[in-house]
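Residue-level structural notes
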Amino acid sequence: MAAAWVDESEYERQRRENIEANARLLLSLGLDTAALTQRALGSKAPLRQKARRKPRSQRPPIDPSLCRRSSRLEGSNPVDYKDKAVELDGTARYGRGGSPIEAGQTSKRARKQGNPTALPPPDRGVAAVGNPRSCKFLLADVEGLKARSLGRIIEPLGGQVKRAAMEALSAEGPPTFSRMSGIQEWKNAVALFVNIYGDGYKNVFLKGGREITWFGQNSQWEGSPVLQRLIHSCGAEVTHDDGTKTDYPDIPVVLFCRIEGSGYVFCGELEYIAHEPERIPIRFVWALADYDSLQGQPDFVNVLDACKDLVGTEIAD
């Protein structure tokens, strides 16, 4: 077995040891990761790439002139959800060429498989193609939301819990987004949404709430562009097996958690610890970077208690 790790870097060794320790901790709680996942084979096999962490630098602040809160929160005219290009959650749907898709219509998505070993991040510097209000092309005001709502429930807007969280995070007005996705990409950040209820729940807080084990979607593998952004969210230079290199910037990954019947609690930033590329869905281990500020917040404590109830045991220390 030792020979299998001859070529691994120090970064890769730490990642492997962290994910193995996480698996043992989950097993001690009665959660077998092998039973929750399946082997990543064929086109979803782990990538052959080397990552070199870059020194963390100060992130540039959001230009205050760009920051504008939701028009509804400012008392202005609300978004018209009867607009043909807007669904009930305010998510505009656009077809080929950027034309809006009317209610009831569907569009086909044809994705061609490219080179699985060379996966540069999306070019966020070009103009938006399609819907310019997509959160993918807007800035997230992470520090501003921390100052306003860290550890607290973001009150729903007209019963819409995710829309309230997305508008609270936006630095550039109401965004459009996919309401069914638990991963929301922004121009300068990625937001993860976790609902802490329902059968088969498996995103578990550990170490008294200092860490969370989070599983990606069944359709995603290590090479999925958004997962590459998450894996290298602390900033990295990645060398692919064909010799090409990709530079990933340091971006914030933020967490929103919700218990049934309530709005999302903003849990602040996450720091990458490890991921398991050999299994689908991919298991991530994240540290809650703002835990010291979160632990005294009643809404955050309620989130941890709900997780304990679902798992059926105390959150492991």
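Let me begin by describing the structure that accompanies this report. These numbers were taken from a predicted model, which means no experiment stands behind them. (Residues numbered from 1 in each chain as written. Predicted model: local features only at pLDDT ≥ 70, side-chain atom pairs only at ≥ 80, totals over all residues. Heavy atoms only, no water.)

Counting its regular elements, the protein contains 7 helices and 12 strands. Residues counted as buried form 47% of the 317 residues belonging to the protein. A total of about 16,300 Å² of accessible surface is found on the protein, and carbon and sulfur atoms cover 50% of it. (Helix = DSSP H or I, 4+ residues; strand = E, 2+ residues; numbered from the N terminus. Buried < 20%, exposed > 50% of the residue type's maximum accessible area, 1.4 Å probe, protein only. Areas by Shrake-Rupley, 256 points an atom, 1.4 Å probe, with all protein chains shown as cover.)

As a further point, take the packing of aromatic side chains. For the coordinates displayed, the defined rule picks out 8 aromatic pairs. Ring centres of Phe256 and Phe266 lie 5.1 Å apart, and the angle between their planes is 40°; on these two criteria the pair is classed as tilted. With Phe256 in strand 9 (residues 253–259) and Phe266 in strand 10 (residues 265–276), the pair connects residues that are 10 residues apart, well separated along the chain. For the pair Tyr272 and Trp286, a centre-to-centre distance of 6.1 Å together with 80° between the ring planes defines the contact as edge-to-face. Residue Tyr272 is located in strand 10, and its partner Trp286 is located in strand 12 (residues 283–288); the two are separated by 14 residues in the primary sequence. The side chain of Lys162 reaches across the aromatic face of Phe193, ending 5.1 Å from its centre. (Phe/Tyr/Trp six-rings, centres within 6.5 Å; stacked < 30°, edge-to-face > 60°. Lys NZ or Arg CZ within 6 Å of the ring centre and 35° of its normal.)

What follows deals with the sheet that holds strand 9. The strand order across the open sheet built from 7 strands is 3-4-9-10-12-6-5, with neighbouring strands paired in mixed fashion. Among the strands making up the open sheet, the edge pair consists of strand 3 (183–185) and strand 5 (205–206). Pairing between strand 4 (residues 190–196) and strand 9: 7 bridges, direction parallel. Bridge pairing in strand 9 links Leu192 to Leu255. Here helix 1 (residues 10–28) sits on the sheet in contact with strand 5, strand 6 (211–215), strand 10 and strand 12, set at roughly 110° to strand 10. (Pairing = 2+ DSSP bridges. Contact = heavy atoms within 4.5 Å. Axes fitted to C-alpha atoms, helices over the stretch in contact; angles between N-to-C directions.)

Membership of the largest hydrophobic core comes to 64 residues, with the highest contact counts inside it found for Leu192, Phe205, Phe256 and Trp286. The contacts of Phe256, once residues within four sequence positions are left out, are Leu145, Ile154, Ala165, Leu169, Ala191, Leu192, Phe193, Val194, Tyr264, Val265 and Phe266. (Core = buried A, V, L, I, M, F, W, Y, C linked by side-chain atoms within 4.5 Å.)

A word on unusual backbone geometry. Going from Ile280 to Pro281, the amide bond is cis rather than trans, its omega being -5°. Assignment of secondary structure puts Pro281 in the loop between strand 11 (279–280) and strand 12. Even without a glycine there, the phi angle at Lys207 is positive, about 55°.

Time to look at helix 7 (residues 298–311). In a regular helix each residue adds 1.5 Å, so 14 residues correspond to 20 Å; helix 7 covers 20 Å between its end C-alpha atoms and thus fits that length. Among the residues of helix 7, Phe300, Val303, Leu304, Ala306 and Cys307 are the ones counted as buried. The buried residues of helix 7 occupy one face: seen down the axis, they fall within an arc of 155°. Facing away from the buried surface of helix 7 by more than 90 degrees, the exposed residues are Pro298 and Asp309. Packed against the buried residues of helix 7 are strand 4, strand 5, strand 9, strand 10, strand 12 and helix 6 (291–294). (Expected span 1.5 Å × (residues − 1). Arc of directions from axis to C-beta.)

Attention now moves to the side chain of Ser233. Mapped onto the secondary structure, Ser233 falls in the loop between helix 5 (225–231) and strand 7 (234–240). Note on Ser233: relative accessible area 2%, which makes it buried. There is a polar contact of 2.9 Å between the side chain of Ser233 and the backbone oxygen of Leu230. Apart from the residues lying within four places of it in its own chain, the contact partners of Ser233 are Pro249, Asp250, Ile251, Val253, Tyr272 and Trp286. (Polar contact = N/O pair within 3.5 Å; in protein donor to acceptor, adjacent residues only side chain to side chain.)

This part covers the pattern of salt bridges. Under the criterion given, the structure shown has 11 salt bridges. Across the pair Lys146 and Glu269 runs a salt bridge whose closest N-O atoms are separated by 2.9 Å. Taken as a pair, Lys146 in helix 3 (residues 142–149) and Glu269 in strand 10 lie far apart in primary sequence, 123 residues in all. On the accessibility criterion, Lys146 (17% relative accessible area) is buried. Exposure remark for Glu269: the relative accessible area of 8% places this residue in the buried category. (Salt bridge = Lys/Arg side-chain N within 4 Å of Asp/Glu carboxyl O.)

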